[in-house]
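Spelled out, the chains give:
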Amino acid sequence: NKPTIGVIGMAVMGKNLALNIESRGYTVAIYNRTNARTEKVVADHPDKQLVPSYNLSDFVNSLEKPRRIIMMVKAGKPTDAVIDQLLPLLDAGDVLIDGGNTFFEDTIARNQRLDQSGINFIGMGVSGGELGALKGPSIMPGGQKEAYDLVAPILQQIAARTDDGQPCVAYMGPNGAGHYVKMVHNGIEYGDMELIAESYNLLRHVGQYSMPQLAQTFKEWNAGELSSYLVEITADILTRQDDQGSSKPIVDVILDAAENKGTGKWSSQSALELGVPQSLITEAVYARYISTFKEERVAASQVLPQPQTTDLKLSADFSEQVRQALYFSKIMSYAQGFAQLRAASEHYHWQLNYGEIANIWRAGCIIRAQFLQKITAAYQKNPELTNLMLDDYFKAICAKYQAATRQVVAWAVQAGIPVPALSAAIAYYDSYRSAVLPASLTQAQRDYFGAHTYKRVDQEGTFHYSWYEEQ
Ligand code: NBP
C-alpha cells in the first residue's frame with residue numbers, strides 16, 4: 001500500500017520526524033536532495049516502513065492522495081527551491097507542510113501563492129530539538145483548516161503529550177499563525193534562558209554559592225513553581241565537569257559568547273512592528289549580542305571601574321529572593337509574549353487561542369514548564385484577558401514576589417552585576433501598573449520641536465501649544 005505521508009529532508013529533524021511517524025504504524029515516503037542521506041537512513045533502519053525515492057517525481061507519485069508532504073529543510077531559499085520543484089508535481093487538494101523554522105511572513109506569502117493552484121500549505125512550528133522530533137515534539141500548525149484536518153490524526157499521534165494525556169498539537173490559525181506562535185515560543189525561550197543565567201550569576205557572584213550549592217539550588221527550584229525543562233537541565237549542567245581534562249566545571253571552560261539563529265530577533269522585530277513592548281525578550285537577545293563582544297569586554301573590564309562598595313547585607317534567604325525574582329520575571333516575559341500574540345492575532349486576523357497555545361507548550365518543547373497550566377487556566381477563565389498579570393493567580397504572585405524582585409535588582413545594580421532581563425521585568429510591571437506616566441513631558445517635547453500636537457486629560461480634541469510666543 002502507498003505511503004500515507006512523505007517527508008522531504010533527511011537531516012536530523014526530517015529523519016527523526018519520519019521515524020516518529022513510522023513508529024505510529026504509518027508507511028512513510030522519504031526523500032532528500034542528496035541521495036546519500038536517504039540511503040543512510042534506509043541502511044540504518046532496515047526494518048522500518050520507509051519508502052525511499054531518489055527523485056522528487058517518484059516521491060510524489062509514491063504517495064496516497066490527497067498527498068501529505070512534510071518538508072524539513074533549511075528555512076529560506078532551500079524551502080523555496082523545494083516548493084518550486086514540487087509545484088508542477090502536485091495536484092489541487094494536496095497538503096504541503098513546512099516544518100522548518102520559517103519566518104512567518106514567508107509562510108503567509110507561500111500560503112497565498114500555493115492557494116492559487118488549490119494546494120494547501122501548512123506552516124508548522126516544531127519545537128523540541130532532534131529528540132523531540134523523534135519522541136514527540138510540540139507542534140504549532142497554521143494554514144487552511146480543512147488541510148489541518150487531513151493531517152491532524154497523524155500529528156496528534158506523533159506529538160508530545162501533557163502529563164494528563166493531551167497531545168501537544170492544535171490548529172493555530174490560517175497562513176502564518178503556526179510559524180508566528182513558534183517564533184514567539186523561541187523568543188520566550190531566549191527570555192527564560194537569560195533569566196536563568198542572570199539568577200545563576202547573582203547566586204554565584206553576589207551570593208558566593210559554590211558549584212554544588214548552585215546545582216542543588218536549581219534542583220530544588222525545579223521541584224517547585226519553577227519546575228521546567230530549562231531549570232532541570234541547568235541543574236544538570238552545573239554538576240558537569242569539563243570532559244577535556246581541565247578538571248574545571250564545564251561552564252567555566254565554555255566561552256561566554258552565546259550565539260543565536262535569529263528567531264529571538266524576529267520576535268522582537270515583530271513586537272516593534274506591532275507596537276507592543278517585548279522588552280524582556282529583546283534584552284535577552286541583546287544579552288547574547290553583547291556576550292559575543294568578548295575582546296571588547298575584556299579590554300573594558302580593565303579600564304572601566306566597578307562599583308566601589310559591595311557591602312550588600314544580603315538576607316539569609318537570598319536564594320529564595322532570587323527564586324521569587326526569577327518567577328516574577330518569567331511571568332512578565334510570558335505576559336509580554338501573550339500580549340504580543342494578542343496584537344498579532346488582531347493584526348493578522350488569526351483568532352489565536354491563547355489557552356490552547358500555553359497547553360501545547362506544556363510538553364515536548366524547550367519552554368515546557370508546569371506553570372503553563374496556570375496560563376491555560378487564566379485564558380479558560382477569561383479568553384479576553386488583556387494581560388496575564390491581571391488574572392487572579394498571577395496578580396497574587398505579583399503582589400507576593402514584587403518586593404523580592406526589586407531587592408534582587410537593587411542588589412545586582414549595587415554589585416555591578418548585569419541583570420537586563422530581571423530589570424526589564426520590574427520596569428514593565430511598574431510601567432503597566434502606572435496610571436500616570438511621564439509621557440506627557442515626552443509629548444510636550446514633540447509638540448515643542450515638531451508641532452506634533454497633543455491631547456488633553458480634561459477635553460476632547462487635538463491641541464498645539466504656542467511654544468514660541470511670549471506668554
Ligand atoms: P538543516 O536546517 O541543517 O537543513 C538541512 C536539510 O536541508 C538537508 O536535508 C538538505 O539537503 C536540505 N536542503 C538544503 Br540545506 N538546501 C536545499 C535545497 N536547495 N533543496 C533541497 N534541500 C535542501 O536540517 P535540520 O537541522 O534537520 O532542520 C530542518 C528544519 O527544521 C530547519 O528549518 C530547522 O530550522 C528546523 N528545526 C530544527 C530544529 C533543530 O533542533 N535542529 C528544531 C526545530 C526546527 P542535502 O542533504 O541535500 O544538503
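The name an unreviewed UniProt entry assigns to the protein chain is 6-phosphogluconate dehydrogenase, decarboxylating, from the organism Bombilactobacillus mellifer. UniProt, in its Function (unreviewed entry) section for the protein chain, records the words "Catalyzes the oxidative decarboxylation of 6-phosphogluconate to ribulose 5-phosphate and CO(2), with concomitant reduction of NADP to NADPH."

Here the focus is the sheet that holds strand E7 (residues 138–142). The mixed open sheet is built from 7 strands, whose spatial order is E3-E2-E1-E4-E5-E6-E7. Edge positions in the open sheet fall to strand E3 (50–52) and E7, since each of these has one partner strand only. Geometrically, the sheet is characterised by an average inter-axis angle of 25 degrees between neighbouring strands, direction not taken into account. Note that strand E1 (residues 5–8) and strand E4 (residues 68–71) share 3 bridges and pair parallel. Note on E4: the bridge partner recorded for Gly6 is Ile69. Here helix H7 (residues 145–158) sits on the sheet in contact with E1, E4, strand E5 (95–98), strand E6 (120–127) and E7, set at roughly 65 degrees to E5. Across the face of the sheet, helix H8 (residues 177–205) comes into contact with E6 and E7 while running at roughly 15 degrees to E6.

The subject of this paragraph is the environment of Ile139. One can find Ile139 in strand E7. In sequence terms Ile139 and Ile360 are 221 residues apart; their C-alpha atoms lie 7.4 Å from each other. Not counting the four nearest positions on each side in its chain, Ile139 is found in contact with Met124, Val126, Leu155, Ala159, Cys168 and Val169.

The subject of this paragraph is helix H4 (residues 77–86). Residue pairs spaced three or four apart in an α-helix point in one direction, given the helix's 3.6 residues per turn. Along H4, the positions that sit buried rather than exposed are Thr79, Val82 and Leu86. Buried residues of H4, seen end-on, are gathered within an arc of 65 degrees and therefore sit on one face of the element. What points out from H4, more than 90 degrees from its buried face, is the exposed set Lys77 and Asp84. Elements in contact with the buried residues of H4: E1, helix H3 (56–61), E4 and E5.

What follows concerns H8. Its 29 residues place the ends of H8 42 Å apart at the C-alpha level, agreeing with the 42 Å of an ideal helix rising 1.5 Å per residue. Among the 29 residues that make up H8, 25 are buried, leaving the element largely enclosed by the rest of the structure.

Quick look at the site of the ligand now. Looking at the ligand, there are 22 residues lining it, with Met13, Arg33, Pro78, Gly100 and Asn101 nearest. Sorting the residues of the shell around the ligand by element identifies helix H1 (12–23), H4 and helix H6 (129–135) as the ones contributing at least two each. Looking at the shell around the ligand residue by residue, the class counts come to 11 nonpolar, 7 polar and 4 charged.

In the numbering used here, UniProt assigns the feature "active site" (unreviewed entry) to Lys182 and Glu189. Structurally, Lys182 can be placed in helix H8. Among residues more than four places away in sequence, those in contact with Lys182 are Gly125, Ser127 and Met140. Mapped onto the elements of the fold, Glu189 is located in helix H8.

How each quantity is defined
- Residues numbered from 1 in each chain as written.
- Predicted model: local features only at pLDDT ≥ 70, side-chain atom pairs only at ≥ 80, totals over all residues.
- UniProt positions renumbered as here; feature names shortened; annotations may be inferred.
- Pairing = 2+ DSSP bridges.
- Helix = DSSP H or I, 4+ residues; strand = E, 2+ residues; numbered from the N terminus.
- Axes fitted to C-alpha atoms, helices over the stretch in contact; angles between N-to-C directions.
- Contact = placed C-beta atoms within 7 Å.
- Buried ≥ 20, exposed ≤ 12 C-beta atoms within 10 Å, placed from the backbone.
- Arc of directions from axis to C-beta.
- Expected span 1.5 Å × (residues − 1).
- Near = placed C-beta within 6 Å.
- Nonpolar A, V, L, I, M, F, W, Y, C, P; charged D, E, K, R; others polar.

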